[in-house]
Amino acid sequence: MKIDFSKNTDALIPAIIQDSDTKAVLMLGYMNEEAYLKTIETQKVTFFSRSKQRLWTKGEESGNFLILVDIKNDCDGDTLLIQAKPVGPTCHTGADTCWQTENKADYGFISQLEKTIETRREKADSEKSYVASLFQLGINKIAQKVGEEAIEVVIEAKDDNDDLFLSESADLLFHYLILLQAKGFKLNDVIDVLKSRQK
């Protein structure tokens, strides 16, 4: 990997730190060649501190290290994307990230859908909201609905109509997300179980 530390007069390049599991952006720091080499050697992310004017290993005082997983260089060779496993919060304020956001996985539309389900469960009128009405009917009805949708997916899987198969698959996933919340869980809880089985 060829890194060009010469583009800036201070020989520093930005290093974006991303959680290797959640993919959340944790912080931005700066590295010179010495900091980069020390990061590789120690497997702990090390920066050049512009305020202290010295090498600084993240966590050297707090114990909240960033354990190196992977480093990628951008197309111009002057910016690093570093994936790491954080040991504790990343920000000096005690927050998960330097943007004061939670370090949790975001699945884009699926995460938005989970939030919508949660909001409608808590705030929507059951006479106007299908989701709210399902929660009002209780866990047995929600579980039954998931079973019905699963059967529909199996039936459509045996046929050649891909549109129907995808439509029933969407219905199954939607109702499964509802069932998870009815049981007090989110998709991340299931993913944690899957990760624990990884060999």
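Keep in mind it's a predicted model, so treat the numbers as computed, not measured. (Residues numbered from 1 in each chain as written. Predicted model: local features only at pLDDT ≥ 70, side-chain atom pairs only at ≥ 80, totals over all residues. Heavy atoms only, no water.)

Asks: Quick rundown of the nonpolar core? Include the residues and the values.
Replies: One finds Ile17, Met31, Val45, Leu80 and Ile82 to be the most contacted residues of the largest nonpolar core, which totals 21 residues. When contributions to this core are tallied by element, the ones reaching two or more residues are strand E1 (13-19), strand E2 (25-31), helix H1 (33-42), strand E3 (46-49), strand E5 (66-73) and strand E6 (80-86). With residues near it in sequence (within four places) discarded, Ile17 still touches Ala24, Val25, Leu26, Met27, Val45, Phe47, Leu66, Ile82 and Ala84. Ranked by size, the runner-up nonpolar core spans 14 residues in total, among them Leu113, Ile117, Val131 and Ile142. (Core = buried A, V, L, I, M, F, W, Y, C linked by side-chain atoms within 4.5 Å. Buried < 20%, exposed > 50% of the residue type's maximum accessible area, 1.4 Å probe, protein only. Helix = DSSP H or I, 4+ residues; strand = E, 2+ residues; numbered from the N terminus. Contact = heavy atoms within 4.5 Å.)

Asks: So what's going on with the packing of helix H4 (residues 139-157) against helix H5 (residues 162-182)? Residues and values would help.
Replies: What describes two packed helices is the angle between their axes and the distance between those same axes. Interaxial distance between H4 and H5 falls to 8 Å at its minimum, and their mutual angle equals 155°. With respect to H5, the axis of H4 lies roughly antiparallel. The crossing of H4 and H5 is left-handed. Of H5, the residues touching H4 (which contributes Ile139, Ile142, Ala143, Lys145, Val146, Glu149, Ala150, Glu152, Val153, Glu156 and Ala157) are Leu164, Phe165, Glu168, Ser169, Asp171, Leu172, His175, Tyr176, Ile178, Leu179 and Ala182. Of the residues that constitute the contact of H4 with H5, the class distribution is 14 nonpolar, two polar and six charged. (Axes fitted to C-alpha atoms, helices over the stretch in contact; angles between N-to-C directions. Parallel < 35°, antiparallel > 145°, perpendicular 65-115°, else oblique. Left-handed = near helix turned anticlockwise from the far one by under 90°. Nonpolar A, V, L, I, M, F, W, Y, C, P; charged D, E, K, R; others polar.)

Asks: Which residues make up the sheet that holds E1, and what are the values?
Replies: In spatial order, the strands read E2-E1-E6-E5; together these four strands make up an open sheet with mixed pairing. Looking at the sheet topology across the chains shown, the edges are occupied by E2 and E5. Geometrically, the sheet is characterised by an average inter-axis angle of 30° between neighbouring strands, direction not taken into account. Contacting E2, E5 and E6, H1 runs over the sheet at an angle of about 125° to E5. (Pairing = 2+ DSSP bridges.)

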